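Residue-level structural notes
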Amino acid sequence: MLVEKKIFHVGDYQTQLGEHIPNVAFGYETYGELNAKRDNAILLPHYFSGSSHAAGKYKNSDAEAGYWDALIGPGKAIDTNTFFVIGVDCLNNINGFNPNVHSTGPTTIRPTGKPWGMAFPDLTTVDLVNVQKPLLDSLGIEKLYAAIGASGGSIQSMQWAATFPACVERVIAVVPPGIRLSEYTSAIVEMWTAPIKVDANWCDGGYYDSAFPEKGLDASLRLITINGLHYRMASKLFPIEDVKQEAGKGSRHLQSETGFMDYIHAFCDQRKVGIDPNAIIKLADTLQTF
């Protein structure tokens, strides 16, 4: 499928914690057609580092399709011959520098002429779904057939059901953390932000006109990626094997000498383009409120 990124303008928004954000907007994509009864809509919030680009391509020459293209489309598991699927960018999407992501966040220019940076208001998971609700209202959708999401998207899907129970017929939560974020999982999410905060270039978030905290971002993305994968995947695709003996050395079993870490580095190098480190910190804080 060829798809189009659209932008929904919410307008001014008051957060759950009482802060004001002017001119809120976010990106979205749709797949399939909304039926006459408007009862075939599926909402698709994305995972932590993802975006609304869940299926199809923007143009035929794109290297890759959306992240769930294997599931979404005509005749697929989420059949767009039957369902109208809406992928949404969350408020404060971490891909703040990506031209294909449109989401108000730390990179957004304030009336002062400067980016919000770490002054961007603190959000809760309720804020994430509150901002998305006006999009459904504008489309005349009173009840979703389902809210479906993976990881951070599962959190938003469950929050949708809690905040707007009359609107959500069912939830498909893929790899969810449970109905609340546990202390252990919250600690892992907090560790995702640590490398950024100790990067000397971070400057408490004031790096937009100076050196970029690239090392901190690299380390953060490696943590996020490893935590998002299963150990069986690493064992199956990148088994540890004995390294050939070298002079004066015995056989070693070092994960750094297998393909798994090469895979992690290559994946993160590809993914980091367009990501804003401040948004990682802010979104981690938001998910910890779930």
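So, here is what we can say about the structure in this document. Quantities reported herein were computed from a predicted structural model and do not represent experimental measurements.

1. Side note on unusual backbone geometry
Phi at Arg 38 is positive, roughly 55 degrees, even though this residue is not glycine. Its identity is not glycine, yet Asp 204 carries a phi of approximately 55 degrees, on the positive side. For Asp 204, the location among the structural elements is in the loop between α3 (183-197) and α4 (214-227).

2. Remarks on the sheet that holds strand β6 (residues 84-88)
The 6 strands lie next to each other as β1-β2-β6-β3-β7-β8, forming an open sheet whose pairing is mixed. On the outer flanks of this sheet lie β1 (6-14) and β8 (171-174), each paired with one strand and no other. Ignoring which end each strand starts from, the neighbouring axes of this sheet average 25 degrees apart. Across 7 bridges, the pairing between β1 and strand β2 (residues 20-31) is antiparallel. Across the sheet, His 9 pairs through a bridge with Ala 25, a residue of β2. Packed on one face of the sheet, helix α1 (residues 125-138) meets β1, β2, β3 (41-45) and β6 and runs near 125 degrees to β1. Strands β3, β7 (146-150) and β8 of the sheet are contacted by helix α2 (residues 152-163), whose axis makes an angle of about 155 degrees with β7.

3. Thoughts on the packing of aromatic side chains
Tallied over the full model, the rule gives 14 aromatic pairs. Aromatic side chains Phe 83 and Tyr 145 sit 4.7 Å apart centroid to centroid with 45 degrees between the ring planes, which places their arrangement in the tilted category. Of the two residues, Phe 83 sits in the loop between β5 (78-79) and β6 while Tyr 145 sits in the loop between α1 and β7, which places them 62 residues apart along the sequence. Each ring, one from Tyr 207 and one from Phe 212, has its centre 5.6 Å from the other, and the planes form 85 degrees; the classification is edge-to-face. Relative accessible area serves as the criterion here: at 1%, Tyr 207 is assigned to the buried category.

4. Thoughts on the pattern of salt bridges
Two side chains bearing opposite charge may form a pair once their charged atoms approach each other closely. Here the structure, examined in full by the defined rule, presents 13 salt bridges. Across the salt bridge formed by Asp 89 and Lys 5, the nearest N and O atoms sit 3.6 Å from each other. Placement of the pair is Asp 89 in the loop between β6 and α1 and Lys 5 in the segment before β1, with a sequence separation of 84 residues. When sorted by exposure, Asp 89 lands in the same class as Lys 5, which is buried. For Lys 133, the salt bridge is made with Asp 137, and the minimal N-O distance between the two is 2.8 Å. In this pair, Lys 133 and Asp 137 are both assigned in helix α1, 4 residues apart and thus about one turn of the helix distant.

5. With respect to the pairing of β3
A large share of β3 lies buried, amounting to 5 of its 5 residues. What you see with β3 is no split at all: Ala 41, Leu 43 and Pro 45 on one side and Ile 42 and Leu 44 on the other are buried throughout. As defined by bridge partners, β3 adjoins β6 across 5 bridges and the pair is classed as parallel. Within β6, the residue paired with Ala 41 across the bridge is Phe 84.

Parameters and conventions
- Each residue is numbered by its place in its chain's sequence as written, counting from 1.
- The predicted origin of the model limits local features to residues at a pLDDT of at least 70 and limits the giving and counting of side-chain atom pairs to 80 or more, whereas totals for whole chains, interfaces and linings rest on all residues.
- Side-chain descriptors were evaluated using all non-hydrogen atoms of the structure, hydrogens and water having been removed beforehand.
- Each helix is a run of DSSP H or I of at least 4 residues and each strand a run of E of at least 2, with the numbering of both proceeding from the N terminus.
- Two strands form a pair only when DSSP identifies at least two bridges running between them.
- Think of each axis as a best-fit line through the C-alpha atoms, taken over the contacting stretch in the case of a helix, with angles from 0 to 180 degrees between the N-to-C directions.
- Here a residue-residue contact requires only that any non-hydrogen atoms of the pair lie within 4.5 Å.
- Each Phe, Tyr or Trp ring, with Trp reduced to its six-membered ring, pairs with another whose centre is within 6.5 Å; inter-plane angles below 30 degrees give stacked pairs, above 60 give edge-to-face pairs, and intermediate values give tilted ones.
- Exposure is judged per residue with a 1.4 Å probe applied to protein chains only, and the accessible area is read against the type maximum: over 50% gives exposed, under 20% gives buried, and values in between give partly exposed.
- Whenever Lys or Arg places a side-chain nitrogen within 4 Å of a carboxyl oxygen from Asp or Glu, that contact is recorded as a salt bridge.

Honestly, that's just the spatial picture; any functional story needs more than this.
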